[in-house]
Amino acid sequence: MTVSTYTSISSLASASGFADGDVAMVSLLNSETGVISYVHRSASTKVPGLPGWDPISPVYLEHYGISTSATKAAPTADQTAALQAAINGTEGDLLFTGFVLVKDKISLSNKCRLHCPSGRTNGGLTVKAGFNMSATSVLEGVDIENGVSIGDLTVWFAQPSTTDRSSLRQYPPCVDLNDGTRNKIDNLRIEGAWVGIKGNSNVGGTRFGHLELGCFDTNIEVDGALDFVHCESIAIWPYGSAGSARESIFYDGVTVGLKLGRVDNWNCDKLSCFRVKSIIDNPASDSRLPAQFGSIALDGNDALLILGGGSSQIANIYSTKNTVAPGTERDITANTGIHTIGLFQAQSGADGIVLATGDAILSITDYQVNQLNGQRRAAIAQQNAQLTIGRARPESNVPRTAAMFEQQVGATMRIGELMPRSATPPAVPYVKFNSDEVLNYVETEVFEVDANTGWDQGYYTDASQNMSKGRLRLLPFNSEGSEVAWTDQNGNISFIFDVFRDGGADVLRIRRPSGGSYLELLENGNLKMPLAPVFADNAAAASLETNTIYKTPTGELRIKF
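Keep in mind that this is a model prediction, so the values were computed, not measured.

**Student:** Which residues make up the overall build of the chain, and what are the values?
**Tutor:** What the chain contains, in helices and strands, is 4 helices and 42 strands. Counting only residues that meet the buried cut, the chain has 52% of its 561 residues in that class. When contacts within the chain are restricted to residue pairs at least 6 apart in sequence, those whose partners lie at least 24 apart make up 56%.

The structure is reproduced here in structure tokens:
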């Protein structure tokens, strides 16, 4: 074996007299590569223009005669054919020392990983106006079991300086994973694309590392995976457009961060969205395989989460919005499906930060909300939705003109524990029930309950009435067997309401927990008095005996045990 040194690839190509196994080194004026090496194999045609030579690892683009540029916008020479040859000829990492211009689709290989060793922001692909707009993508995966790999890389798309969405170049998707499974994409940044990553087929087994996506239409879409898809983190932000005129287009409410359809076990550690919406909607009726997230950050106006079909499990969500001009959209909307959120912390000015609608079943274990003033509501349950909040911790910002948590006719809302963070009584109810549904429920140990509005109208309130603090469990009292227990602040039952059928009439009964006779009240208002006589209107309280039901001068019905 002989070792020889050359000053250029062309000088090596013109040399002769080599035996297989001989090594040639070429010195380059490139601080990153320095010297690249080849081994002579007479039958090799891997490197165009250099027959008989194979690159020796580490393999750089320069092995294939590709010159790179230090900045994203600088490349002018089309390197599509040379880059495709380099991918086809490399097994292992193909290293980028800068940026190269491509004008047509590049087909990836499951044997070659594109990677910039100095970091994702220092090397990758440049796509400009001359790109073939009929191509199906810029980078295309392969339809085989063990899919493609991408290491640290940036793909930059040139866009005009404009505030008009229709004036943007609608390039083909940056990455189309095709029908390849078990792909591995580590640290990829996409700047200025129309569509970022497309996985609309069986891409099961794919692993994403850290994705930084700044695309104007859909940043990443995964739908159809028949196996797990795992992602460490997805950051949606106007990469490549921040500070430019077109940045405003990114925030116009049209851009989609993550669009997630059917995935048989999606698992994402962190999704961070800046002023864009994300959609989870599995059209399949099977909800046994939920989309799982460790945390979701909804940062800024228009950073929304829309929950659709299938199911999801999200450990933590925080949402921050402009409390003065938050926009009209809800921070979280559940339209259908079964969805569970662990901790949700919101600082938002939206009316109805959380909306459960349609036939959605939405559960939030711990809901903390502040900076919510006026008539804006923290949560709304409507249509046929079921909303369950394990612990509601609102900040009472007075004055208020509407309830913070509202159930509308047909929907059900259950609040396991209402724990306001302020001791200031609200001017209006924290929680409002507009109809008496089977699953409606609220429990609190903090504020007084107004018997008139709290019982007759079905919602929890504080109107500074003369009743002890305690728990109010709102259960239906429109059918036989319904029962409500009123407890004092120590959890001891003071008296019990229930309903029974008496000769075709629904009778509301009130009794002490120790049992015995009931005080009974018919629906039509006629009183039944097995315990004590009824005193006349305007009876003096001092003359009342124990176990008495009476009316006050203002017409209120009161019971004294």
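Structure's up, so let's keep going.
**Student:** Before we move on, can you summarise the packing of aromatic side chains with the specific residues and values?
**Tutor:** The full count for this structure, using the stated rule, is 10 aromatic pairs. Ring centres 5.6 Å apart and planes at 85° place the aromatic pair Tyr251 and Phe274 in the edge-to-face group. Of this pair, Tyr251 sits in the loop between helix H3 (247-250) and strand E19 (256-260) while Phe274 sits in strand E20 (residues 266-274); the two residues are 23 residues apart in sequence, bridging distant segments of the chain. Residue classification places Tyr251 among the buried positions, given a relative accessible area of 11%. Here the aromatic residues Phe216, Phe250, Tyr251 and Phe274 are joined through ring pairs into a cluster of three or more.

**Student:** Provide a residue-level description of empty space enclosed by the protein, including the pertinent values.
**Tutor:** Going through the model one piece at a time under the given rule, you end up with 1 cavity of 30 Å³ or more. A volume near 60 Å³ is recorded for the largest cavity. Class assignment for the residues of the lining of the largest cavity results in 6 nonpolar, 3 polar and no charged.

**Student:** How would you sum up the pattern of salt bridges? Please name residues and give values.
**Tutor:** Enumeration according to the criterion identifies 17 salt bridges in this entry. Between Arg262 and Asp264 there is a salt bridge, with its nearest N and O atoms 3.2 Å apart. Judged by relative accessible area, Arg262 falls into the partly exposed class, the value being 33%. Overall, Asp264 belongs to the buried group, its relative accessible area being 19%. In this structure, Lys321 and Asp331 form a salt bridge, with 3.5 Å as the shortest nitrogen-oxygen distance.

**Student:** Can you explain the pairing of strand E14 (residues 184-191)? Please cite residues and give values.
**Tutor:** In terms of burial, E14 is a largely internal element, 6 of the 8 residues being buried. When strand E12 (residues 149-157) meets E14, the two strands line up parallel, connected through 7 bridges. In the strand pairing of E14, Trp156 is matched with Glu191. Relative to strand E16 (residues 207-214), E14 is paired through 7 bridges, and the arrangement is parallel. Counted as the bridge partner of Glu191 is Gly214 from E16.

**Student:** So what's going on with the pairing of strand E1 (residues 3-6)? Which residues, and what values?
**Tutor:** Alternating residues of E1 divide into Ser4 and Tyr6, all buried, and Val3 and Thr5, none buried. In this sheet, strand E2 (residues 23-27) lies alongside E1 in parallel orientation, the contact comprising 4 bridges. Residue pairing in the sheet places Tyr6 in a bridge with Val26 of E2.

**Student:** Residues and numbers for unusual backbone geometry, please.
**Tutor:** Here the residue pair Ser57 and Pro58 is connected by a cis peptide bond, since its omega of 0° sits within 30 degrees of zero. Relative to the helices and strands, Pro58 is located in the loop between strand E4 (53-55) and strand E5 (59-60). Phi is positive for Asn265, which is not a glycine, with a value near 95°. For Asn265, the location among the structural elements is in the loop between E19 and E20. Residue Asn265 is classed as partly exposed on the basis of its relative accessible area of 31%. With a phi angle near 60°, Arg275 is a residue other than glycine that sits in the positive phi range. Position of Arg275 among the secondary structure elements: in the loop between E20 and strand E21 (277-280).

**Student:** Quick rundown of helix H2 (residues 80-89)? Include the residues and the values.
**Tutor:** Burial analysis of H2 places 7 of its 10 residues in the buried class, the great majority of the element. Regarding H2, the residues found buried are Thr80, Leu83, Gln84, Ala85, Ala86, Ile87 and Gly89. Against strand E6 (92-95), strand E7 (99-101), strand E8 (106-107), strand E9 (112-115) and strand E10 (124-127) lie the buried residues of H2.

**Student:** Could you give an account of the confidence of the model for the chain, naming the residues involved and the relevant values?
**Tutor:** When the pLDDT values of the chain are averaged, the result is 81; 73% of them are 70 or greater. In the predicted structure, residues 447-482 sits below a pLDDT of 50 and forms 116 contacts with residues beyond four places in sequence or in another chain. With pLDDT under 50 throughout, residues 516-551 is counted as low confidence; its partners more than four residues away or in other chains account for 68 contacts.

Criteria and thresholds
Residue positions are given per chain, counting from 1 as you read along its sequence in written order. pLDDT decides what is reported in this predicted model: residues at 70 or higher carry local features, side-chain atom pairs at 80 or more are listed and counted, and totals for whole chains, interfaces and linings draw on all residues regardless. Hydrogens are left out, water is left out, and the side-chain values use all remaining heavy atoms of the structure. Secondary structure elements are defined from DSSP: runs of H or I of at least 4 residues count as helices, runs of E of at least 2 residues count as strands, and each element is numbered from the N terminus. Burial status follows relative accessibility: with a 1.4 Å probe on protein chains alone, a residue under 20% of its type maximum counts as buried, one over 50% as exposed, and anything between as partly exposed. Any two residues having at least one pair of non-hydrogen atoms within 4.5 Å are treated as being in contact. In this scheme Phe, Tyr and Trp rings, the latter by its six-membered ring, pair at centre separations within 6.5 Å, and the angle between planes marks the pair as stacked below 30 degrees, edge-to-face above 60, and tilted otherwise. Cavity: a set of points on a 1 Å grid over the protein atoms alone where a 1.4 Å probe fits but cannot get out. Pocket: an open set with protein on both sides within 12 Å along at least five of seven lines, its lining residues, like those of a cavity, having an atom within 4 Å of a point. Grid points are joined across faces, edges and corners, and a volume is the space filled by probe spheres set on the points. As a working rule, the residues Ala, Val, Leu, Ile, Met, Phe, Trp, Tyr, Cys and Pro are called nonpolar, Asp, Glu, Lys and Arg charged, and the rest polar, with Gly in that last group. The working definition used for a salt bridge is a side-chain nitrogen of Lys or Arg within 4 Å of a carboxyl oxygen of Asp or Glu. The criterion for strand pairing is that DSSP finds at least two bridges linking the strands in question. Confidence scores per residue from the predictor, reported as pLDDT, run from 0 to 100.

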